[in-house]
Amino acid sequence: HAFLRKWLLLSDPEDLSAGAKGYLKVSVLVLGPGDEAPLEKKEVSEDKEDIEANLLRPTGVTLRGAQFCLKIFKAEDLPQMDDAVVDNVRQIFGFESNKKNLVDPFVEVTFAGRTLYSRILEKNANPQWNQCLTLPAMFPSMCERMRIRVTDWDRLTHNDVVGTAFLAMSKISAPGGELEVDDGLGFLPTFGPCYINLYGSPREFTGFPDPYETLNLGKGEGVAYRGRVLVELETKLVEHLEQKVEDIPADDVLRVEKFLRRRKYSLFAAFYSATMLPGVEAAVQFEVSIGNYGNKFDTTCLPLASTTQYSRAVFDGEAPASGGSDPGGTWAWDPGMALGLGGTLKLVRFRGKGDLPPAQ
């Protein structure tokens with residue numbers, strides 16, 4: 001008798017109606033004299049494990065069936081992900097460049113080991129899927145996060161991840177009795193319609209392997225804006241579970257139009273000084289970008305006054321930070337200038353004069 005790599009649902013024996021108190025993954029074996037323990041299967045990755053189907057729960061504790069209905073409407077500002085060789089040939093013969101649409105996106109949604117995919121829209125940096133992905137689950141669930149990932153489809157090589165975002169179930173739901181307004185209130189996971197921003201490695205495309213690809217996988221904090229996705233999540237308690245992908249009704253698509261309105265505005269940024277910079281040999285500048293606006297290496301937007309002038313840093317006499325490898329100390333930078341640009345704020349980037357993307 002053996003249970004191998006099973007999830008145990010922990011509950012209060014004095015109050016089984018309280019539901020899950022936690023989860024524990026174990027292997028349990030009963031061996032007699034001379035018995036050999038069975039070989040355990042190789043551990044599958046966390047993303048591919050069907051957790052809900054691998055769950056043991058005590059008698060008296062019931063889980064309710066539920067369905068996540070994630071509506072994926074559209075995405076915007078996705079970066080170039082494919083090589084521009086064909087596009088460069090078109091430019092030589094006088095055709096219009098289409099580099100900003102060198103991406104073939106689809107959306108991958110994963111929860112509790114189950115994964116669904118939207119359709120693939122080729123050569124589209126601003127795709128409109130208008131699809132609803134229905135994922136079955138059990139409540140209370142042992143999984144905290146739903147992963148939403150935009151991926152670039154490649155016909156000949158492996159797919160490349162554009163960006164990854166997560167919806168935390170505890171942040172978009174509330175059990176009854178935990179709200180201050182009324183102890184009897186509570187709601188199932190609900191979100192949107194709302195844009196989810198994607199952050200990851202720098203947007204600038206190169207034909208070489210991306211050394212910061214793990215940032216696009218959601219491992220670590222992204223350093224650059226890589227687009228955004230308009231989604232809506234609704235949760236329903238059901239008797240019969242099903243997993244499906246279907247088109248969103250036209251009325252629901254029209255309902256979210258009010259969330260697509262845009263207003264023009266400007267951002268003002270004043271740069272006073274920067275200190276404790278690592279060893280700097282050449283002139284440096286700072287850049288402010290809002291989304292992909294202001295990124296001077298991004299050709300999908302019109303140029304903006306988003307960078308300071310190049311100037312040289314001055315040695316400030318400070319010792320390097322603990323563990324630093326630069327024996328020459330740190331540097332200070334004092335531009336004394338301001339910038340103004342229009343467009344959504346994410347980051348301020350520091351660039352050296354030689355910090356340019358490889359030629360495409």
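Scoring rules and cut-offs
Residues numbered from 1 in each chain as written. Predicted model: local features only at pLDDT ≥ 70, side-chain atom pairs only at ≥ 80, totals over all residues. Heavy atoms only, no water. Helix = DSSP H or I, 4+ residues; strand = E, 2+ residues; numbered from the N terminus. Buried < 20%, exposed > 50% of the residue type's maximum accessible area, 1.4 Å probe, protein only. Areas by Shrake-Rupley, 256 points an atom, 1.4 Å probe, with all protein chains shown as cover. Phe/Tyr/Trp six-rings, centres within 6.5 Å; stacked < 30°, edge-to-face > 60°. Lys NZ or Arg CZ within 6 Å of the ring centre and 35° of its normal. Core = buried A, V, L, I, M, F, W, Y, C linked by side-chain atoms within 4.5 Å. Pairing = 2+ DSSP bridges. Axes fitted to C-alpha atoms, helices over the stretch in contact; angles between N-to-C directions. Contact = heavy atoms within 4.5 Å. Salt bridge = Lys/Arg side-chain N within 4 Å of Asp/Glu carboxyl O. pLDDT = per-residue confidence, 0-100. Disulfide = S-S within 2.5 Å.

**Examining the overall build of the protein chain**
For the protein chain, the count of helices and strands is 3 helices and 19 strands. The 360 residues of the protein chain split such that 39% are buried. Of the roughly 21,300 Å² of accessible surface on the protein chain, 54% is carried by carbon and sulfur atoms.

**Some thoughts on the packing of aromatic side chains**
What the rule picks out here adds up to 3 aromatic pairs. Pairing phenylalanine 68 with phenylalanine 111 gives two aromatic rings, centres 4.8 Å apart and planes at 75°, and the pair type is edge-to-face. One end of the pair, phenylalanine 68, is in strand β4 (residues 64-76); the other, phenylalanine 111, is in strand β5 (residues 105-111), and 43 residues separate them in sequence. Above the ring of phenylalanine 166, the side-chain terminus of arginine 145 is found at 3.8 Å from the ring centroid. The lysine or arginine in question, arginine 228, covers the ring of tyrosine 195, its NZ or CZ lying 3.7 Å from the ring centre.

**Some details on the nonpolar core**
With 35 residues, the main nonpolar core has Phe68, Ile72, Phe111, Met146, Leu167 and Leu233 as its most contacted residues. Counting residues per element, the ones that place at least two in this core are β4, β5, β7 (128-139), β8 (145-152), β9 (160-168), β10 (191-200) and β11 (224-237). Membership of the second largest hydrophobic core comes to 8 residues, among which are Cys69, Cys132, Leu230 and Val253.

**Points about the sheet that holds β8**
The 4 strands lie next to each other as β6-β5-β8-β9, forming an open sheet whose pairing is antiparallel. Looking at strand neighbours, the two that pair on one side only are β6 (114-117) and β9, the edges of this open sheet. This sheet shows a mean twist of 20° between the axes of neighbouring strands, independent of strand direction. Both β8 and β9 contribute to a ladder of 8 bridges, which runs antiparallel. Within β9, the residue paired with methionine 146 across the bridge is leucine 167.

**Observations concerning the environment of alanine 165**
Inspection of the secondary structure assignment puts alanine 165 in strand β9. Taking C-alpha positions, alanine 165 is 9.7 Å from arginine 228, a pair spaced 63 residues apart along the chain. If we skip the residues at most four places from it in the chain, alanine 165 touches Met146, Arg147, Ile148, Ile196, Asn197 and Leu198.

**Things to note about the environment of valine 314**
The residue valine 314 is located in strand β16 (residues 314-315) in this model. Owing to a relative accessible area of 54%, valine 314 belongs among the exposed residues under this scheme. Expressed as a C-alpha distance, the spacing of valine 314 and threonine 275, which sit 39 residues apart in the sequence, is 9.5 Å.

**Looking at unusual backbone geometry**
In terms of backbone geometry, most residues other than glycine have negative phi values and most peptide bonds are trans. Proline 193 follows glycine 192 through a cis peptide bond whose omega is 10°. Structurally, proline 193 is set in strand β10. With a phi close to 50°, arginine 5 is a non-glycine residue in the positive phi region. Within the fold, arginine 5 resides in strand β1 (residues 2-10). Residue aspartate 77 is not a glycine yet carries a positive backbone phi of 65°. In this fold, aspartate 77 is placed in the loop between β4 and α1 (85-92). Residue class for aspartate 77 comes out partly exposed when judged on its relative accessible area of 22%.

**A look at the environment of threonine 62**
Note on placement: threonine 62 falls in the loop between β3 (55-56) and β4. Put simply, threonine 62 and phenylalanine 139 are 77 residues apart on the chain and 8.8 Å apart in space, counted from C-alpha to C-alpha.

**Looking at the sheet that holds strand β12 (residues 244-247)**
The 5 strands are arranged β10-β11-β4-β7-β12 in an open sheet whose pairing can be described as antiparallel. Single-partner strands in this sheet number two, and they are β10 and β12. In this sheet, adjacent strand axes meet at a mean angle of 30° when their direction is disregarded. Here β4 runs beside β11; their pairing, made up of 10 bridges, is antiparallel. Residue pairing in the sheet places phenylalanine 68 in a bridge with threonine 235 of β11.

**Topic: the pattern of salt bridges**
In total, this model carries 11 salt bridges according to the counting rule given. With a shortest N-O distance of 3.6 Å, aspartate 104 and lysine 123 are connected by a salt bridge. Of this pair, aspartate 104 sits in the loop between α1 and β5 while lysine 123 sits in the loop between β6 and β7; the two residues are 19 residues apart in sequence, bridging distant segments of the chain. Ionic contacts of the salt-bridge type, sharing partners, join the residues Lys71, Glu232, Asp252 and Arg255 into one network.

**Remarks on the confidence of the model for the protein chain**
Across the protein chain, pLDDT averages 77, with 71% of residues at or above 70. Per-element averaging of pLDDT across the protein chain places strand β19 (residues 345-352) at the bottom with 40 and β12 at the top with 95. Low pLDDT, under 50, characterises residues 320-328; the stretch is placed with 6 contacts to residues that sit more than four places away or in other chains.

**Looking at the state of the cysteines**
In total, this model carries 0 disulfides according to the counting rule given. A disulfide-free cysteine, cysteine 69 has its sulfur positioned 4.9 Å from the sulfur of cysteine 132, the nearest such atom.

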